[in-house]
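# Secondary and tertiary structure notes
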Amino acid sequence: MKQAVKFLCAGWHHRLRLLASILLLAINAGNTLEAQTPDPADWASVVAEARDQPLFFYAWGGDQLTNDYLAWVGQRIAAEYGIRMTHVRLSDTADAVSRILAEKQAGNSDNGAVDMLWLNGENFASLKTNDLLFGPWAEQLPNFARVNADANPDVRFDFTLPVEGYESPWLRAHLVFYYDSAYISEPPANVAALLNWAQEHPGEFTYPRPPDFLGATFLKQALLELVADSVPLYLPVQEASFATITAPLWHYLDALHPLLLRQGRSFPANGPELRRLMADGEIALAMSFNPTEAVNSVLRNELPDSVRTHLPDGGTLANVSFVAIPYNASHKAAAMVTANFLMSVEAQLRAQDPQYLGGTPVIDLSVLSAAEQAQFADSRQSHPSAPPLMSEGQQLQEPHPSWMEALERAWIARYGSR
Amino acid sequence: MSGVCLTLKDVHISLHGKALLQVNTRIEPGATLTVMGPSGIGKSSLLAYVAGFLASDFSASGEIFLGERCLNSLPAEQRGIGLLFQDPLLFPQLSVAQNLLFAVPRHVSHRQQQVDQALEAVGLKGFGDRDPATLSGGQKARVALQRLLLSQPKAVLLDEPFSRLDAHLRQDIRQHVFQTLRDAALPTILVTHDVDDAAASGGSVIELS
Amino acid sequence: MLRAAPWLMIALLTLPVLAGLSAILLPAFGYLPALQHNGFGLMVWRELLETPGIGRSAGLSLSAALLTPLLSLMLVMLFLASTSGTRWASAMRRLVAPLLAVPHAAAAFGLAFLIAPSGFLLRLISPELSGWQRPPDLLILNDPLGLTMMLGLVLKEIPFLLLMALAALPQLNADQRVNMARSLGYRPILAWLWTVAPALYPLLRLPLFAVIAFASATVDVALILGPTLPPTLSVRIIGWFSDPDLNQRLLASAAALLQLMITLSAIGVWIAAEKIVARLYRALLLSGHRRHGHALLNVLGKSLMVITLGTLLISLLLLVIHAFAGPWRFPDNLPAAWTLQHWQSVGPLLLAPLGNTLLLGLVSTAVAVLLVVAVLEHESRQGRKPAQILWAIYIPLLVPQVAFLYGLTLLLEQLRWQPGLLMVGFAHSLFVVPYVYLSLAEPYRRLDPRWQQLAATLGASPNRTWWHIKLPLLLAPLATAFAVGVAVSIGQYLATLLTGAGRVSTLTTEAVALASGGTRGTIAVWALLQAAVPMLGFAMAIMLPRLWWRKRRDMTGQLT
């Protein structure tokens, strides 16, 4: 006993010194935050500044594959650039947006908690209109040339809003349906046809409850298919016409809900939970915004190998995922280096590999070397569960972001408290 | 070893305003004052007051002197008053020798040697490393007394120290304790309701009622 | 130094709660200058009351607040009555302590794995008995009435109340009371219910109020098992707080105040019901029932407790199975194959949350134990009875977390304090300190004062006495209190989420974040780790003192 006490006392001074030096380090770290804004045109100095910086990357954390992929990114940029990345796993990207807004209200303009965030659409709109984004910076990144934006103009728009270099693309995605061929032979041709299909297969389908991203996407997809004229959907929502334009959607949902799993009295929280319902055999038809989700899941034994992917005839919503840097980010250089890394051949190849993420690359393969193109071709294995290739005409553009929010609110008011 | 007197001067103790006892006495070195009376009368509170840890429910007045030294303002550990409880209360986490060592003041030289001698004196040589839980009742009582003596008290308080002992042991231990205290010339206060204890102590008796 | 300890502790535990509550007061009435809301009035309340489904959300919180403690209390009392004086009680005590260590979220996940339409229970009877080849379309999880959520809460609160009751019983001389009543002709269970239960109840009141406060405002259990259309009030508050439209914060503030009112009125209803029940109980007691219903009570008391604790144990076992399960299709009873895949995928992500969890748990508990020991030692040296004011330390347990933590976070944001480990650790200690106090105060006060007196008469100073005598004697309860503290810290979800701004990830936040997104395997791995760390703590708290004192017979008998 006495020895133990002596030991504690002997170690005390040493410990105190250690504590003091840690505190000093923390204070010094605080001081270096005041460094000048990094300029991506001078890339070498950005990389130099980023070395040893921490990076708080706020990104939706509800999907294991994406988490694993981002963990790999963290390891790679630590090895390559000495950046210590923390993936702050959000259950909803809006959390990060509200954090940045709250910091602005509190007058915190240089020491923000969020260094970089994964976003698109409505969150980009709300940050940009409130002047909460740093930039423009994205088009000056060395790897941005690989995206070949002139040939692929859609990377310059996020839900109809011009990006203007305030966010950097890192993945492409589009909506697909997947179904278990053990239970159903023929999926519905499109969302409009889903209603008839559901009458024949009650309880075999459901969708995530808005404001979940995938659930809201389903509403937009249905609306696009159900309206006669889609032009107003690409303009900001007008309160006066909202009810008229969306009437067919509510009519459709009122009829559909009793035919869903749990008779529409409960909805899954998001895409992964939808996949889990599929894995358990509770439903036979589901959807995803990652076209290769079915392949990934079959490869990981999470879905039975009887699952097939289906792309509706009329096409589906397609968009680009971006990363952005808040105006008050503490570690902008590290964020730029990471955004640049996400567009590297190495990162895009890994993202495409169904073993890891199975996403659609955002870089334009035609500008790559022949050897690199071959690598991408190799990793795109053919698999019975793989999605059919999407043709140009099948890509439906995202409506104006205000629609997403308006639809979510209307859905919650209508179905959110039964 | 020349002792000092323990003097209790006009000691009054009351509980919630109700007077419990009053004592005014002087105990010579080696002599024993026995306080007798039924339980609940405040015998133990007298010992607590002298030792220096009377609970705050009680109120007490009167001065306590060891020789010329007034103890009232001193904390218990500086009073030089030893105490034997009903139970031997050997610290269960310490070995027998460690129990004794704990009592030896720091300034004493050859502390370990003192401990060994104390054990030998009561026929417990070689018991130093034992777990106190493995000792017999009589052995425990003897160790407790040796521990008390090693702390070099100037006076001793006994709180019914023999009441929990088996009948056949009680006689022996009683003799041993009183003899030892007399030899050490320590003034002693004994609290008991056993008339045999009072008789064995050979000192004056205060009967409380 | 010691003298300041009680005041320091009370200030540490009450000021943040008061600050947090006052930070929501003004916004709830429309005043939030940072967002250019300078008006003052009831607009926010009107908006809150017009929110679709708000009545439903509030009703869910209120019913959970009342039903959870009621069911838990009845089960615990029945069980104790039917097992009084038997070996069951000590066996249960041993079983219950580690179950108490299981965080709410982990238990909720396990329960979901058990009772979902595709869960273990229905797999057991499918397809042989039920004929189901695919899971039935039943609304069990997230049911609109919140029954599943309440079941999850009851499962976790029963071990808590049981442990509190078992700790309180020794001071009641239960056996004596029962024997006396039996000699008057009462059957044992009724004897217990008539003579022990009324004496035990007052000692369980404070824990029951803590259960009410927790059940009315739980967030993690509600997220995993609770209704979604609409969710409980507490979940909606968190949603409004993190809405990109910052004006929703006014709504969140008013709703947090509403939450506080719901919790307080639940406690009020409970107190009112106490009076009525006490009168009925007295009438029933005096009616002279000696045997009536004895057999039924006997069966109910034992079987319901076995079912409850069994459910909890099977739920934990299911976490283990899922953590190693390969493909597991309905209606197979067991996985088709076993795999380490989930552990491998979690592995690289594990280090930071595990490190944070341990650091937060150990540091906040160390601070809490130091503080609580200082308070108790001060009390012991003064020789005084516990000060009345000490009830104030239970305030963080009685005020709904979501109400004051949300306000506290608003405040910290305004002060521009960087969210991080320090803030989270501080928030954890708000809950760790009361529980450490709850578990340490009794053993500390019960320690025989003669040890301290004896050491003093041997010339040892109070400090020397503390290090050499009291610390060793109190090692076992101190270790238990430490384990309790660590377990409480590990279970914190909301405190970590809000004060850490999501940047401080722990086993609990990771597990809950994956609640709807992860695969069952990864959820199981996180939940299992979340449960394993505090259980390991309890195991160590029991084993270490015994190993340490293996050569001291009288030091190993203490079961705490």
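Regarding its fold elements, chain B presents 6 helices and 9 strands. Each principal axis of the C-alpha atoms in chain B carries an extent, and together these give about 50 × 40 × 30 Å. Considering chain B as a whole, with its 209 residues, one finds that 41% of them fall into the buried category.

Turning to the overall build of chain C, a few remarks are in order. A count of helical and extended segments in chain C gives 25 helices and 0 strands. Here chain C has a C-alpha radius of gyration of 25 Å; the compact-globule value for 560 residues is 24 Å, and the two agree. In terms of overall dimensions, chain C has a C-alpha envelope of 70 × 65 × 55 Å along the principal axes. Residues classed as buried in chain C amount to 53% of the 560 residues present. Counting only contacts in chain C whose residues sit at least 6 apart along the sequence, the fraction spanning at least 24 positions is 81%.

Looking now at the sheet that holds strand β3 (residues 32–36) of chain B. Residues and elements named next belong to chain B. Taking strand neighbours across the sheet as the criterion, the 5 strands line up as β6-β7-β8-β3-β9 in an open arrangement whose pairing is parallel. Edge positions in the sheet fall to β6 (81–84) and β9 (204–207), since each of these pairs with one other strand and no more. Averaged over all pairs of adjacent strands, the angle between their axes in this sheet comes to 20°, without regard to strand direction. When strand β7 (residues 155–159) meets strand β8 (residues 188–192), the two strands line up parallel, connected through 4 bridges. Each residue of the ladder has a partner; that of L158, found in β8, is L190.

Let us now look at the interface of chain B and chain C. Across the contact, 22 residues belong to chain B and 22 residues belong to chain C. Here the side of chain B that touches chain C gets 3 residues from one element, more than from any other, and that element is β6(B). Here the residues of the side of chain B that touches chain C are counted per class, giving 14 nonpolar, 5 polar and 3 charged.

Let us now look at helix α5 (residues 104–115) of chain C. In an α-helix there are 3.6 residues to a turn, and that puts residues three or four apart on one side. Residues and elements named next belong to chain C. Taking 1.5 Å as the rise per residue, α5 with 12 residues should run 16 Å; its terminal C-alpha atoms sit 16 Å apart, in good agreement. In terms of burial, α5 is largely enclosed, as 11 of its 12 residues are buried. Within the span of α5, buried status applies to H104, A105, A106, A107, A108, F109, G110, L111, A112, F113 and I115.

Every contact between the two is made by 45 residues of chain C and, on the other side, 52 residues of chain A. Mapped by element, the contributors of at least two residues to the side of chain C that touches chain A are α15 (341–382), α17 (401–414), α20 (462–473) and α24 (520–548) of chain C.

All names here are of chain B. In this model helix α5 (residues 167–183) runs 25 Å from its N-terminal to its C-terminal C-alpha over 17 residues, within 8% of the 24 Å that 1.5 Å per residue would give. Contacts made by the buried residues of α5 are with β3, α4 (137–150), β7, β8 and α6 (195–201). Downstream of α5 by a residue or two, A185 has a phi angle that is positive, lying close to 60°.

So, about the domain arrangement of chain C. All names here are of chain C. Here the domain parsing of chain C yields domain 1 (1–34 + 340–560) and domain 2 (51–339). Computed over C-alpha atoms, the centres of domain 1 and domain 2 are 23 Å apart. Taken together, the 41 residues of domain 1 in the interface contact 43 residues of domain 2. Elements that contribute at least two residues to the side of domain 1 that touches domain 2 include exactly α1 (5–28), α15, α16 (395–398), α17, α21 (475–491), α23 (507–513) and α24. The biggest single contributor to the side of domain 1 that touches domain 2 is α24, with 13 residues.

Before going further, it helps to examine the packing of α15(C) against α21(C). Residue and element names in this part refer to chain C. Where α15 contacts α21, the two axes come as close as 8 Å, and the packing angle between them is 130°. By the angle between their directions, the pair α15 and α21 is classed as oblique. Between α15 and α21 lies a crossing whose hand is right-handed. Across the interface between the two elements, T357, L360, G361, L362, S364, T365, A368 and V369 from α15 touch L478, A481, F482, G485, V486, S489 and I490 from α21. Broken down by class, the residue content of the contact of α15 with α21 amounts to 9 nonpolar, 6 polar and no charged.

All names here are of chain B. Here strand β1 (residues 6–15) runs beside strand β4 (residues 58–66); their pairing, made up of 8 bridges, is antiparallel. Among the inter-strand pairings, K9 is bridged to a residue of β4, identified as E63. Here β1 runs beside strand β2 (residues 18–27); their pairing, made up of 8 bridges, is antiparallel. Bridging across to β2, H12 finds its partner in Q22. Hairpin connection, β1 to β2: the antiparallel pair is bridged by 2 residues, and H16 has positive phi, about 50°.

Another point: the sheet that holds strand β8 (residues 285–288) of chain A. Residue and element names in this part refer to chain A. Spatially, 3 strands are ordered β8-β7-β9 in an open sheet, and the strand pairing comes out antiparallel. Since the sheet does not close on itself, it has two edges, and those belong to β8 and β9 (307–310), each with one partner. On average, each strand axis in the sheet is inclined to that of its neighbour by 30°, with strand direction left out of account. Bridge count between strand β7 (residues 176–180) and β9: 4 bridges; the pairing is antiparallel. Counted as the bridge partner of D180 is V307 from β9.

By contact count, the dominant pairing among the 2 pairs of chains in contact is that of chains A and C. Nothing in chain A touches chain B; the tightest C-alpha to C-alpha distance between them is still 10 Å.

Attention now moves to the nonpolar core. Of all hydrophobic cores here, the largest spans 229 residues; its most connected members are V372(C), Y406(C), V433(C), V436(C) and A527(C). Per-element tally for this core: the top contributor is helix α18 (residues 421–446) of chain C, with 13 residues. Ignoring sequence-local partners within four residues, the contact set of V433(C) consists of M9(C), L12(C), L13(C), A368(C), L371(C), V372(C) and I393(C). Judged by nonpolar contacts, the second largest core, of 66 residues, contains L117(A), V163(A), L171(A) and A351(A).

Bringing the packing of helix α14 (residues 294–323) of chain C against α24(C) into the picture now. All names here are of chain C. The geometry of α14 relative to α24 is characterised by a closest axis approach of 8 Å and an angle of 130° between their N-to-C directions. Classified by the angle their axes make, α14 and α24 are oblique. The two elements α14 and α24 meet at a crossing, and its hand is left-handed. From α14, L316, L319, V320, H322 and A323 reach across to α24, where they touch R520, G521, A524, V525, A527, L528 and A531. Split by residue class, the contact of α14 with α24 holds 9 nonpolar, 2 polar and 1 charged.

Bringing the environment of V320(A) into the picture now. Residue and element names in this part refer to chain A. When you line up the elements, V320 lands in strand β10 (residues 316–324). When the C-alpha positions of V320 and V362 are compared, they lie 7.6 Å apart, and in sequence the two are 42 residues distant. With near-sequence residues (within four places) excluded, V320 lies in contact with N120, D154, V155, D158, P169, R172 and V362.

Let us now look at unusual backbone geometry. Of the consecutive residues G135(A) and P136(A), the connecting peptide bond is found in the cis state with omega at 0°. Along the polypeptide, P136(A) turns up in the loop between α5 (122–129) and β4 (157–158). In this structure, P127(C) follows S126(C) across a cis peptide bond, with omega equal to -5°. Note on placement: P127(C) falls in the loop between α6 (120–124) and α7 (147–168). With a phi close to 70°, D52(A) is a non-glycine residue in the positive phi region. The phi dihedral of E160(B) is positive, around 45°, even though this residue is not glycine. Checked against the element boundaries, E160(B) lands in the loop between β7 and α5.

In this section: the confidence of the model for chain C. Considering every residue of chain C, the mean pLDDT works out to 88; 99% of them sit at 70 or more. Across the assembled chains, the prediction reports ipTM 0.91 with pTM 0.84.

Residues and elements named next belong to chain C. Inspection of the secondary structure puts N173 in the loop between α7 and α8 (174–183). Residue class for N173 comes out partly exposed when judged on the 13 C-beta atoms lying within 10 Å of it. In the structure, N173 is positioned 87 residues away from L260 in sequence and 38 Å away in space, judged by C-alpha atoms.

Right, let's talk about the environment of E160(B) for a bit. When the 19 C-beta atoms within 10 Å are taken as the criterion, E160(B) is described as partly exposed. Excluding residues that lie within four positions of it along the chain, E160(B) makes contacts with Q86(B), V191(B) and T192(B).

Here the focus is the confidence of the model for chain B. Taken residue by residue, chain B gives an average pLDDT of 90. The fraction at 70 or more is 99%. Put simply, α6(B) is where chain B has its lowest mean pLDDT, 87, and β7(B) is where it has its highest, 94.

Rules of the game
Residues numbered from 1 in each chain as written. Chains lettered and ligands numbered in written order. Predicted model: local features only at pLDDT ≥ 70, side-chain atom pairs only at ≥ 80, totals over all residues. Helix = DSSP H or I, 4+ residues; strand = E, 2+ residues; numbered from the N terminus. Buried ≥ 20, exposed ≤ 12 C-beta atoms within 10 Å, placed from the backbone. Rg over C-alpha atoms; globule rule 2.2 N^0.38 Å. Contact = placed C-beta atoms within 7 Å. Pairing = 2+ DSSP bridges. Axes fitted to C-alpha atoms, helices over the stretch in contact; angles between N-to-C directions. Nonpolar A, V, L, I, M, F, W, Y, C, P; charged D, E, K, R; others polar. Expected span 1.5 Å × (residues − 1). Domains from an automatic or database assignment. Parallel < 35°, antiparallel > 145°, perpendicular 65-115°, else oblique. Left-handed = near helix turned anticlockwise from the far one by under 90°. Core = buried A, V, L, I, M, F, W, Y, C linked by C-beta atoms within 7 Å. pLDDT = per-residue confidence, 0-100.

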